[in-house]
Amino acid sequence: MPVPSVLLGSSGVFVSMCCLGTMTWGDQNTELEAHAQLDYYVFKSGIQNPFIDTAELYPVPPTRETVGRTEVYIGNWLEANPTARSKIFLASKVSGRSPRGWIVANREVPPGKDEDTRLSRDQILKACDASLKRLKTEYLDLYQLHWPERNTPTFGALEFQRANDHKDDVSFDESVGAVGELIKAGKIKHWGISNENAVGVVKFLESAKRLGVPPPVSIQNDFALVDRRFEQDGTAEACSPQSSGVDNGVSLLSYGVLAGGTLSGKYQDKSDTSKARHTLYPEFQSRYHSEGTMDAANDYLALAKQHGLSGVDLAYGWAASREYMGSVIIGATSVEQLKQNIAAFERPLAKEVLDEVDRINLKHERPYFKGSSRLGRNMPVPENKEL
């Protein structure tokens, strides 16, 4: 079956369940390699409603020398393929609070003065204009706030600590108001949030309603077989149509679904990983290849093999099965990898596979359920109602 398309939040727009991620372009990938991936994904793959995601920060790991390069590559491709812009749903992101002043500097040509990144009105407006110039387009279909302004656990951090709160946070209203200005100016069509939790979802929705700005249509979060926080910590509930008060809710755009390639099996089957992310940058996203992640990955890979699937098939197929999924962001460093990734969306996983995934998850993530008959929401209510 073809790769399905999904209605993205309250946007009224259908996008492919398979979104082309771009964060390696400009570091692990050359411009020619990036253009080859774009050519295949947009023109040759058969994907309907192609969806491309990038950010002003990319490629990663981010550096002063490479910041913004990914958008430049995409812009050059769009310029060389003038019919492509109307075919694609193009998303980018503005950076949240950080001390990486060179991100702000890169919003000017030549680069300006370093300044901490913030989600202030001024910075959001300037960042969007800079992205539009690099991408050589007049508008973005989706503009996302890449990570929060406030103190909150992100990028694998687990513990909230009050002592790290800032006294000078840009308000939600200021950030949302700036987004509203961009929508009115025709520079963006829709907006979303990223690396957020239930608190952020509720605050942004409240602000949008208060200011008369359309609600966010998406939330882009780290989400994988080995990291299911989104559906467990209240965020999925906050994004639901009933809780959000938004038709079709706020859709999840999942990144990190292969855990940086760990769930593909390439680190376990003695493939050549000399050019792989975890080999080149072992300290970047180290959560994706920790001991616990590797142990869980071994069980998921065994399950995939048992059912005649690859690790890629299982990881992407499982993510695509989630009821709140707006699109699964894939990443590839070659066209051959890209083809394998796309193929994973063409065959839905059987219920017995999904059930076994839940059992493996509880074994690794919730050890207190091990040996219990109460394995989660899909299990029958126990006969003893007092339990």
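Calculation notes
Residues numbered from 1 in each chain as written. Predicted model: local features only at pLDDT ≥ 70, side-chain atom pairs only at ≥ 80, totals over all residues. Heavy atoms only, no water. pLDDT = per-residue confidence, 0-100. Contact = heavy atoms within 4.5 Å. Helix = DSSP H or I, 4+ residues; strand = E, 2+ residues; numbered from the N terminus. Expected span 1.5 Å × (residues − 1). Buried < 20%, exposed > 50% of the residue type's maximum accessible area, 1.4 Å probe, protein only. Polar contact = N/O pair within 3.5 Å; in protein donor to acceptor, adjacent residues only side chain to side chain. Pairing = 2+ DSSP bridges. Axes fitted to C-alpha atoms, helices over the stretch in contact; angles between N-to-C directions. Left-handed = near helix turned anticlockwise from the far one by under 90°. Nonpolar A, V, L, I, M, F, W, Y, C, P; charged D, E, K, R; others polar. 1 Å grid on protein atoms, 1.4 Å probe; cavity = no way out; pocket = protein on both sides within 12 Å on 5 of 7 lines; lining within 4 Å. Points joined across faces, edges and corners; volume = space filled by probe spheres on them.

(A) Seen up close, the confidence of the model for the chain. Mean pLDDT over the chain: 92, with 90% of residues reaching 70 or higher. Note that residues 372-382 has pLDDT below 50 and, in this model, ten contacts with residues that lie over four places away or in other chains.

(B) View of helix α4 (residues 121-135). With 15 residues, α4 extends 21 Å from end C-alpha to end C-alpha; this agrees with the ideal 21 Å at 1.5 Å per step. For α4, the set of buried residues is Q123, I124, L125, A127, C128, A130, S131, L132, R134 and L135. Here the buried face of α4 lies against α2 (69-80), β5 (89-94), α3 (101-105), β6 (140-145), α5 (172-184) and β7 (188-194).

(C) Layout of unusual backbone geometry. A cis geometry characterises the amide bond from V60 onward to P61, with omega recorded as -5 degrees. Here P61 lies in the loop between β4 (51-53) and α2. Here the amide bond leading from V109 into P110 is cis, since omega sits at -5 degrees, within 30 degrees of zero. Relative to the elements of secondary structure, P110 occurs in the loop between α3 and α4.

(D) A look at the side chain of S327. Among the structural elements, S327 can be located in strand β10 (residues 325-330). With relative accessibility at 0%, the residue S327 sits in the buried group. Of note is the side chain of S327, whose polar atom sits 2.7 Å from the backbone oxygen of S16.

(E) View of the environment of E56. Mapped onto the secondary structure, E56 falls in the loop between β4 and α2. By relative accessible area, which is 1% here, E56 ends up buried. Here E56 is in contact with V67, G68, E71, S92, K93, V94, S95, I103, R107, A127, S131 and R134, once residues within four sequence places are set aside.

(F) Inspection of the sheet that holds β5 at higher detail. With parallel pairing, eight strands are arranged side by side around a closed barrel as β3-β4-β5-β6-β7-β8-β9-β10. Averaged over neighbouring strand pairs, the angle between their axes works out to 30 degrees when direction is ignored. Pairing of β5 with β6 involves four bridges; the strand directions are parallel. Within the sheet, the bridge partner assigned to V94 lies in β6 and is L145.

(G) Just the pairing of β10, in detail. Where burial is concerned, most of β10 is hidden: six out of the six residues are buried. Bridge count between strand β3 (residues 18-21) and β10: three bridges; the pairing is parallel. Paired with L20 across the two strands is I330, which belongs to β10. As judged from the three bridges shared by strand β9 (residues 251-255) and β10, these two strands associate in the parallel manner. Residue S254 lies in a different strand from β10, and its bridge partner there is V328.

(H) Highlighting the packing of α4 against α5. At their nearest, the axes of α4 and α5 sit 8 Å apart, and the two run at 35 degrees to each other. For the pair α4 and α5, the crossing hand works out as right-handed. Only E174, S175, A178, E181 and L182 of α5 make contact with α4, whose side of the interface consists of R121, I124, L125 and C128. Among the residues forming the contact of α4 with α5, the class breakdown is five nonpolar, one polar and three charged.

(I) How the structure looks around empty space enclosed by the protein. Applying the stated criterion across every chain, the model contains one cavity of 30 Å³ or more. Roughly 30 Å³ of internal volume is contained in the largest cavity. Around the largest cavity sit L119, L145, W147, P148, I193, S194, E196 and F204, which together line it. Here the lining of the largest cavity is composed, by residue class, of six nonpolar, one polar and one charged.

(J) Up close: the environment of K351. Position of K351 relative to the elements: it lies in helix α14 (residues 351-365). Residue K351 is classed as exposed on the basis of its relative accessible area of 61%. Along the backbone, K351 and S321 are 30 residues apart, and their C-alpha atoms lie at a distance of 10.0 Å. Polar side-chain contacts of K351 include one of 2.8 Å to the side chain of D355.

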